[in-house]
Amino acid sequence: MISPASQAPGSPIAIEPATWRDLNVIRHLEQVCFQKDAWPLWDIIGILTLPNVVRLKALVDGKIVGFIAGDIHPSENLAWIATVGVLPEYRRRGIGEALILACEQHIKLPAVRLSVRTSNQDAIRLYLHLGYQKIGLWKKYYQDGEDALVMEKALG
Ligand SMILES: CC(C)(COP(=O)(O)OP(=O)(O)OC[C@H]1O[C@@H](n2cnc3c(N)ncnc32)[C@H](O)[C@@H]1OP(=O)(O)O)[C@@H](O)C(=O)NCCC(=O)NCCS
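## Re the overall build of the protein chain
Right, so step 1: Helix and strand content of the protein chain: four helices and eight strands.
Right, so step 2: For the protein chain, the N- to C-terminal ordering of α and β elements is β-β-α-α-β-β-β-α-β-α-β-β.
Right, so step 3: In summary, the protein chain has a C-alpha radius of gyration of 15 Å against a globular reference of 15 Å for 156 residues, a match within 12%.
Right, so step 4: Dimensions of the protein chain, computed from C-alpha atoms along their principal axes, come out at roughly 40 × 35 × 30 Å.
Right, so step 5: Within the structure as shown, the protein chain displays about 8700 Å² of accessible surface, and the carbon and sulfur contribution to it stands at 52%.
Right, so step 6: One way to put it: in the protein chain the 17 positive side-chain charges average out to a point 2 Å from where the 16 negative ones average out.

Shown next as structure tokens:
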């Protein structure tokens, strides 16, 4: 266990490294959380196996209920949060926050960035709450033409 999330009510949350053994559960979680934006199988295999990726799962009562992956780019002095998701019935308990804070602790670089659909107000509120700032907009980034908001947080 890396860190318990002390603010969550009910069963405690454990944040642990994810591995390729979690492939099927995390694939299902990605499909539930992201639907039309869910990654194809090969991308999930990559994020669970490639070097320079921080991959963490959130467990409640031994069940995987959340996942985060951070891509480390040492040459750019930057990391990108590639994905973060929590099963709908486990949201608003601090699990997303616990995953992001744990991921940030593993990123030994000055800054972390992410991109998010401009309509995803739940996620944007969470990122603002954690100190991320809006730094840019990628026009028509998503396949359906929606813009992506780019956000950044200074670490350390
Ligand atoms: C975004 C997501 C990961 C948040 O996970 P979560 O576990 O519900 O987040 P937390 O409980 O840690 O939220 C922490 C804080 O963020 C803000 N926040 C998160 N979700 C919110 C919502 N639906 N409405 C308002 N504020 C919200 C609040 O400030 C919240 O603190 P509070 O509950 O004490 O008010 C989750 O909603 C999710 O999986 N969404 C679908 C996938 C997705 O969009 N991922 C992000 C893609 S970039």
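Let us keep going from here.
## Some remarks on helix α4 (residues 121-129)
Right, so step 1: Every buried residue of α4 is accounted for by Ala123, Ile124 and Tyr127. Burial along α4 is one-sided: seen end-on, the buried residues are contained in an arc of 100 degrees. In α4, the exposed residues that point more than 90 degrees away from the buried face are Asp122, Arg125 and His129.
Right, so step 2: As for α4, its buried residues are in contact with β5 (78-86), α3 (95-106), β6 (111-117), β7 (133-138) and β8 (148-154).
Right, so step 3: Note on α4: the residue one or two positions beyond its end, Gly131, has a positive phi of about 100 degrees.

## A look at the layout of surface pockets
Right, so step 1: In this structure, the largest pocket occupies an estimated 1400 Å³ of space.
Right, so step 2: Lining the largest pocket are 37 residues, and of these Phe34, Val84, Asn120, Ala123 and Tyr127 lie nearest its centre.
Right, so step 3: Mapped onto the lining of the largest pocket, the elements with two or more residues apiece are α1 (23-34), β5, α3, β6 and α4.
Right, so step 4: Tallying contributions element by element places β5 first for the lining of the largest pocket, with seven residues.
Right, so step 5: When the residues that make up the lining of the largest pocket are grouped by side-chain class, the tally is 18 nonpolar, nine polar and ten charged.

## A closer look at the site of the ligand
Right, so step 1: What surrounds the ligand is a group of 21 residues, the closest being Val86, Arg92, Gly96, Asn120 and Arg125.
Right, so step 2: Here an oxygen atom of the ligand and a side-chain polar atom of Arg91 are 3.4 Å apart.
Right, so step 3: In this structure, Asn120 approaches the ligand through a side-chain N or O atom, which is 2.6 Å from an oxygen atom.
Right, so step 4: Contact with the protein chains covers 79% of the free accessible surface of the ligand, which is 910 Å².
Right, so step 5: Judged by its atoms lying within 2 Å of the grid points, the ligand is housed in the largest pocket.
Right, so step 6: Among the elements that make up the shell around the ligand, the one with the highest residue count is α4 (six residues).
Right, so step 7: Residue composition of the shell around the ligand, by class: nine nonpolar, six polar and six charged.

## Some thoughts on the packing of aromatic side chains
Right, so step 1: Tallied over the full model, the rule gives four aromatic pairs.
Right, so step 2: For the pair Tyr127 and Tyr132, a centre-to-centre distance of 5.9 Å together with 55 degrees between the ring planes defines the contact as tilted. The same class applies to Tyr127 as to Tyr132, namely buried.
Right, so step 3: Consider the rings of Tyr141 and Tyr142, whose centres lie 5.0 Å apart with planes at 85 degrees: the pair is edge-to-face.
Right, so step 4: When its relative accessible area of 45% is taken as the criterion, Tyr141 is described as partly exposed.
Right, so step 5: Judged by relative accessible area, Tyr142 falls into the buried class, the value being 14%.
Right, so step 6: Its end group placed over the ring of Tyr142, Arg117 keeps NZ or CZ at 4.4 Å from the ring centre.

Scoring rules and cut-offs
- Residues numbered from 1 in each chain as written.
- Predicted model: local features only at pLDDT ≥ 70, side-chain atom pairs only at ≥ 80, totals over all residues.
- Heavy atoms only, no water.
- Helix = DSSP H or I, 4+ residues; strand = E, 2+ residues; numbered from the N terminus.
- Rg over C-alpha atoms; globule rule 2.2 N^0.38 Å.
- Areas by Shrake-Rupley, 256 points an atom, 1.4 Å probe, with all protein chains shown as cover.
- Lys, Arg positive; Asp, Glu negative; His and termini not counted.
- Charge placed at Lys NZ, Arg CZ, Asp CG, Glu CD.
- Buried < 20%, exposed > 50% of the residue type's maximum accessible area, 1.4 Å probe, protein only.
- Arc of directions from axis to C-beta.
- Contact = heavy atoms within 4.5 Å.
- 1 Å grid on protein atoms, 1.4 Å probe; cavity = no way out; pocket = protein on both sides within 12 Å on 5 of 7 lines; lining within 4 Å.
- Points joined across faces, edges and corners; volume = space filled by probe spheres on them.
- Nonpolar A, V, L, I, M, F, W, Y, C, P; charged D, E, K, R; others polar.
- Near = heavy atom within 4 Å.
- Polar contact = N/O pair within 3.5 Å; in protein donor to acceptor, adjacent residues only side chain to side chain.
- Sits in = over half its atoms within 2 Å of the grid points.
- Phe/Tyr/Trp six-rings, centres within 6.5 Å; stacked < 30°, edge-to-face > 60°.
- Lys NZ or Arg CZ within 6 Å of the ring centre and 35° of its normal.

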